[in-house]
Amino acid sequence: MYLCICNAIREDDFRQLARRCTGSAEDIYAKLGKTPICGQCLDEAEGLLHAIRETDALLERVLAG
Ligand code: FES
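Read on for a plain summary of the structure. What you see is a predicted model; the values in this text were computed from it and never measured. By convention here, each chain's residues receive numbers from 1 onward along its written sequence. Two thresholds apply to this predicted model, a pLDDT of at least 70 for residue-level local features and 80 or more for giving and counting side-chain atom pairs, whereas whole-chain, interface and lining totals are computed over all residues.

What follows covers helix H3 (residues 42-64). Between its first and last C-alpha, H3 extends 33 Å over 23 residues, near the 33 Å set by a 1.5 Å rise per residue. Exposure is read from a count of other C-beta atoms within 10 Å of each residue's own; the residue is exposed at 12 or fewer, buried at 20 or more and partly exposed in between. C-beta atoms are placed from the backbone. The numbering of helices and of strands both runs from the N terminus, where a helix is a DSSP run of H or I of at least 4 residues and a strand a run of E of at least 2. Of all 23 residues that make up H3, two are buried, and the element is exposed over most of its length. Two residues or fewer past H3, glycine 65 is found with a positive phi of approximately 85°. A helix's residues, less one, multiplied by 1.5 Å, set its expected span.

Positive phi outside glycine occurs at alanine 8, with the angle close to 55°. Relative to the elements of secondary structure, alanine 8 occurs in the loop between strand S1 (2-4) and strand S2 (9-10). Given 11 C-beta atoms within a 10 Å radius, alanine 8 is considered exposed.

Moving on to the nonpolar core. To form a nonpolar core, buried Ala, Val, Leu, Ile, Met, Phe, Trp, Tyr and Cys residues must be joined through C-beta atoms within 7 Å. If you look at the biggest cluster of nonpolar residues, it comprises eleven residues: Leu3, Cys4, Ile9, Phe14, Ala18, Ala25, Ile28, Tyr29, Cys41, Ala45 and Leu49. Of all the secondary structure elements, the ones that give two or more residues to this core are S1, helix H1 (11-20), helix H2 (25-31) and H3. The leading source of residues in this core is H2, at three residues. Here contacts are defined at the residue level, using C-beta atoms placed from the backbone and a cut-off of 7 Å between them. Residues contacting leucine 3, with those up to four places away along its chain left out, are Ile9, Arg10, Glu11, Phe14, Cys41, Glu44, Ala45 and Leu48.

Okay, here's the thing in structure tokens:
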């Protein structure tokens with residue numbers, strides 16, 4: 001499934017990079033060599049980024065005991 005149609009960024013690719021990188025959705029796009037074009041995907045991308053980081057932080061807390 002594509003997260004960004006303009007740049008053909010797949011949600012899975014965005015997720016994998018988001019777990020290894022800091023910064024905003026646009027920063028993740030830049031690491032993929034892309035820049036937003038229409039910008040319609042950015043709210044969804046930021047929401048996905050927030051959810052990924054919240055989930056990872058929760059998992060770290062659970063695993064730390
Ligand atoms: S859908 Fe991502 S910039 Fe247009």
